[in-house]
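So you can see what is in the structure, the chains are spelled out below.
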Amino acid sequence: MSTPSAVTPFSTAHRRYVQHLYRRALKGAQDWYVRRDLWRNKAIEIRVQFERNRHVKDPRAVAALLNEAEKEVQRMAHPDPYRPSLFPDGTKWERNLPPRMFTQGEKDAALNAH
């Protein structure tokens, strides 16, 4: 993962890094706010924080803002993040899988073993 100091400000990589940081902030907030209406208010607050600094042109100030935002995202990380139930590590992941289908040779070998 790139660090803010390694990304040249105002480049495509910088833009992608900021977008990724914004998405991580939104997903991190979603772990804390289960109700969608409460999460939406927090999402608006996060957007306002990002928009407030959109006009900054000084590369050192941009790097400082990105470091601060990165620390805030890490600080707000949930210790037990939400996982959708059917996704890996979810509560229903691989629950009730269909049984393995055996070949005719495996069936015959199992019957003759007894």
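Further up the page is the structure itself.
Everything quoted here is computed from the prediction, not taken from an experiment.

Cut-offs applied
Within any chain, residue numbers begin from 1 and follow the written order of that chain's sequence. Totals for whole chains, interfaces and linings use all residues, but because this is a predicted model, local features are given only for residues with pLDDT of at least 70 and pairs of side-chain atoms are given and counted only at 80 or more. Only hydrogens and water are set aside; all other atoms, that is, all heavy atoms of the structure, feed into the side-chain values. In DSSP terms, a helix is any run of H or I states spanning at least four residues, a strand is any run of E spanning at least two, and both are numbered starting from the N terminus. We compute the radius of gyration from the C-alpha atoms alone; for a globule the expected value is 2.2 Å times N to the 0.38, where N is the number of residues. Think of it in three bands: with a 1.4 Å probe and only protein chains considered, a residue is buried below 20% of the maximum accessible area for its type, exposed above 50%, and partly exposed in between. Note on definitions: a residue-residue contact is assigned when non-hydrogen atoms from the two residues lie within 4.5 Å. Computed by Shrake-Rupley with a 1.4 Å probe, the accessible areas treat only the displayed protein chains as cover when residues are assessed. Note on charges: Lys and Arg go in the positive column, Asp and Glu in the negative column, and His and the chain ends are not counted at all. To locate a charge, take NZ of a lysine, CZ of an arginine, CG of an aspartate or CD of a glutamate. Salt bridges are defined by distance alone: a side-chain nitrogen of Lys or Arg within 4 Å of a carboxyl oxygen of Asp or Glu. Note on geometry: axes are lines fitted to C-alpha atoms, helical ones only across the stretch in contact, with angles between N-to-C directions running from 0 to 180 degrees. Oblique is the label for any angle not covered by the other classes, which are roughly parallel (under 35 degrees), roughly antiparallel (over 145) and roughly perpendicular (65 to 115). A crossing counts as left-handed when the near helix is turned anticlockwise from the far one by less than a right angle, and as right-handed when that turn is clockwise. Three classes are used, and their members are as follows: Ala, Val, Leu, Ile, Met, Phe, Trp, Tyr, Cys and Pro are nonpolar, Asp, Glu, Lys and Arg are charged, and the others, Gly among them, are polar. In this scheme Phe, Tyr and Trp rings, the latter by its six-membered ring, pair at centre separations within 6.5 Å, and the angle between planes marks the pair as stacked below 30 degrees, edge-to-face above 60, and tilted otherwise.

### Concerning the overall build of the protein
And then number 1: A count of helices and strands for the protein gives four helices and zero strands.
And then number 2: Computed over the C-alpha atoms, the radius of gyration of the protein is 24 Å, more than 25% above the 13 Å expected from 2.2 N^0.38 for a compact globule of 114 residues.
And then number 3: In terms of its C-alpha atoms, the protein occupies a principal-axis envelope of roughly 80 × 35 × 20 Å.
And then number 4: A total of 114 residues make up the protein; the buried ones form 18% of that total.
And then number 5: Across the protein, contacts joining residues at least 24 apart in sequence account for 50% of those joining residues at least 6 apart.
And then number 6: Entry remark: accessible area of the protein is about 9,500 Å², with carbon and sulfur atoms responsible for 55%.
And then number 7: Side-chain charges of the protein comprise 21 positive and 13 negative groups, with the mean position of each set lying 6 Å from the other.

### Comments concerning the pattern of salt bridges
And then number 1: Tallied over the full model, the rule gives eight salt bridges.
And then number 2: The partner of Arg-35 in a salt bridge is Asp-37, and the shortest N-O contact between them spans 2.7 Å.
And then number 3: Of the charged contacts in the structure, one is a salt bridge between Lys-42 and Glu-45, with a shortest N-O distance of 3.7 Å. Here the residue Lys-42 and the residue Glu-45 both occupy positions in helix H2 (residues 36–52), the gap between them amounting to three residues, near one helical turn.
And then number 4: Each of Arg-47, Glu-51 and Arg-54 takes part in one network of salt bridges that share partners.

### Comments concerning the packing of helix H1 (residues 12–32) against H2
And then number 1: Interhelical geometry of H1 versus H2 gives an angle of 150 degrees and a closest axis separation of 9 Å. With respect to their mutual orientation, H1 and H2 come out roughly antiparallel. Here H1 runs over H2; the crossing is right-handed. Here Val-18, Leu-21, Tyr-22, Ala-25, Leu-26, Ala-29 and Gln-30 of H1 come into contact with H2, specifically with Arg-36, Trp-39, Lys-42, Ala-43, Ile-46, Arg-47 and Phe-50.
And then number 2: Looking at side-chain class alone, the contact of H1 with H2 contains 10 nonpolar, one polar and three charged residues.

### Some thoughts on unusual backbone geometry
And then number 1: Positioned with a positive phi, Asp-89 is a non-glycine residue whose angle comes to about 75 degrees.
And then number 2: Its place among the elements puts Asp-89 in the loop between helix H3 (59–75) and helix H4 (104–113).

### Looking at the packing of aromatic side chains
And then number 1: What the rule picks out here adds up to one aromatic pair.
And then number 2: When the ring of Tyr-22 is compared with that of Phe-50, the centres are 5.2 Å apart and the planes differ by 75 degrees; the resulting orientation is edge-to-face. Of this pair, Tyr-22 sits in helix H1 while Phe-50 sits in helix H2, and the two are 28 residues apart along the sequence.
And then number 3: Accessibility expressed as a relative area gives 19% for Tyr-22, which makes it buried.
And then number 4: Residue classification places Phe-50 among the partly exposed residues on the basis of a relative accessible area of 22%.

### Brief notes about the environment of Ile-44
And then number 1: Considering the arrangement of structural elements, one finds Ile-44 in helix H2.
And then number 2: Distance from Ile-44 to Leu-26, taken between C-alpha atoms, is 9.5 Å for residues 18 residues apart in sequence.

Distances and angles like these do not, on their own, reveal function.
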